[in-house]
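Chain and residue survey
Single-letter residue listing:
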There are 2 protein chains.
Amino acid sequence: MSKIKVIIASDSVGETGELVAKACLSQFNIDESDEVLIRYPYIESEENVDDVIDLAKSKNAIVVFTIITPDLRKYIKQELQAENVASVDIMGPLMNVLEGRTEEAPYYEPGRVHRLDEDYFKKIEAIEFAVKYDDGKDASGLDKADIVLIGVSRTSKTPLSQYLAHKKYKVMNVPLVPEVTPPKELYNVDPKKCVGLKINPTSLNKIRKERLAQLGLKDTASYANDQRIQEELDYFNEVIGKIGCPVIDVSEKAIEETANEILDYVEGRLDIKG
Amino acid sequence: MSKIKVIIASDSVGETGELVAKACLSQFNIDESDEVLIRYPYIESEENVDDVIDLAKSKNAIVVFTIITPDLRKYIKQELQAENVASVDIMGPLMNVLEGRTEEAPYYEPGRVHRLDEDYFKKIEAIEFAVKYDDGKDASGLDKADIVLIGVSRTSKTPLSQYLAHKKYKVMNVPLVPEVTPPKELYNVDPKKCVGLKINPTSLNKIRKERLAQLGLKDTASYANDQRIQEELDYFNEVIGKIGCPVIDVSEKAIEETANEILDYVEGRLDIKG
């Protein structure tokens, strides 16, 4: 295992640099017993840059930076090189390509991606919508939703709804349990906005056993019992058949992967069979 | 306004490239009437790479790529250059720096950042927690939460809770309304995990008026009335004073910015006064 330290230096929050760093670090066997990522947000002066470089030298850290203002970007690059600190400019290369392609100069405003514009408020509204209409609590959400996710317990309905909310879709999710009749409105909703989340019994059993252990319950509960699971999945197939909507398999998939498939379908790039 | 097209080419979902592209594009005045970002996820063969390059040439698009497997990365770079397509390698530069610093070779597994490991399940649990304990619905969450957010209506409690959940913190939020006594347990919770969300009356009034308009209600409702707002904020100050926890100002801030301040405080980097 390797010991690595990465400083995320940004003139805004530092989210972009952090995501790139995490994606790259996941490819290595890194010792995480000690802090790996160190955030240094809101850099706005040469003194801040000097601090970052001192910190990098003292910790033998790599500097990953996202700096938008041209003077500070020039300064950090020059100092990193002068002080021989390993570093990567995350936004610079694409900024340069874009500058060559656009008619006007960039705004050069740090944090502009977080501006409170229409898209921002659409995202906030979608996040609140997904919380409000989680777990099929209120059938009145069915009409207003852009996407309706349907599945048995432990098919990632809640986190998927949140992930899609971050992409500005209003998502309602509806749990299926044989003993509880789903809202009758479910059969009147446009099936084109419904997606069933299927899962294989083995995966589901494993997830539910882990869930029970987490809750401090014995795995002899019917919740994680093969026969019960099959009964629930049969019921799922029956309801989905009636709705006539497509089905996506969530077995062994991360929410980011399933969400990507749902987006492909919803945005018309993928044709999935009902 | 400039017309720009960017293809996000990835051997996984393409989230990392998309975030970098969005952060850079936000710095330009781009015409968004036509699709700007085109996703091309799950690239796994030279044929897929050829498709991306054909698409880029036909649309005069810039290619932003995150390709982990060395052979494909080499191939896409070589073809992009041969075909004279403008492009940016998002992960390559940092991968190279990390390879120079680590003892073992990278895994070279596309999508490894989405692996279903302990961190992944902690994140999912935190997302579900924030949904379950949203809006102070169940006081039993106070003990289990890592962070308790307290504020009047429209101070971004729900989206902030979700944002922090993505960072694996279990967050409960508690709304304050003068007419409703908050759960008495709130005064027994460790004040170190509580954060009050304050807002200036003018910002709050503006947000609430917009909210009412969105709901199709008239802004004469007391919800967006100056006197009522002051009454709520006085009540907020009274409760927060009793709890003795710090306060963060959310006025005119994006959730990413407020969340960053909360993280600085919770992770011990920032000392904010109560």
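These lines cover the structure that appears in this document, whether it is placed above or below. (Residues numbered from 1 in each chain as written. Chains lettered and ligands numbered in written order. Predicted model: local features only at pLDDT ≥ 70, side-chain atom pairs only at ≥ 80, totals over all residues. Heavy atoms only, no water.)

Scanning chain A from N- to C-terminus turns up 10 helices and eight strands. For chain A, whose C-alpha radius of gyration is 24 Å, the value lies well above the compact-globule estimate of 19 Å for 274 residues. Its C-alpha atoms put chain A at 70 × 45 × 30 Å along the principal axes. Out of the 274 residues belonging to chain A, those deemed buried represent 53%. If you take every contact in chain A between residues at least 6 apart in sequence, the share linking residues at least 24 apart comes to 73%. (Helix = DSSP H or I, 4+ residues; strand = E, 2+ residues; numbered from the N terminus. Rg over C-alpha atoms; globule rule 2.2 N^0.38 Å. Buried < 20%, exposed > 50% of the residue type's maximum accessible area, 1.4 Å probe, protein only. Contact = heavy atoms within 4.5 Å.)

All names here are of chain A. Pairing is parallel across the open sheet formed by four strands, whose spatial order is β6-β5-β7-β8. Strands with a single pairing partner mark the edges of an open sheet, and in this sheet they are β6 (171-175) and β8 (247-249). Adjacent strand axes in the sheet meet at a mean angle of 25°, parallel and antiparallel pairs treated alike. Running at roughly 150° to strand β7 (residues 194-198), helix α10 (residues 255-266) makes contact with β5 (147-151), β7 and β8 of the sheet. (Pairing = 2+ DSSP bridges. Axes fitted to C-alpha atoms, helices over the stretch in contact; angles between N-to-C directions.)

Take the sheet that holds strand β4 (residues 87-89) of chain A next. All names here are of chain A. The strand order across the open sheet formed by four strands is β2-β1-β3-β4, and the pairing between neighbours is parallel. With partners counted over all chains shown, the strands left at the sheet margins are β2 (37-40) and β4, one partner each. When strand polarity is set aside, the average angle formed by the axes of neighbouring strands in this sheet is 20°. Packed on one face of the sheet, helix α2 (residues 46-59) meets β1 (6-10), β2 and β3 (62-66) and runs near 165° to β2.

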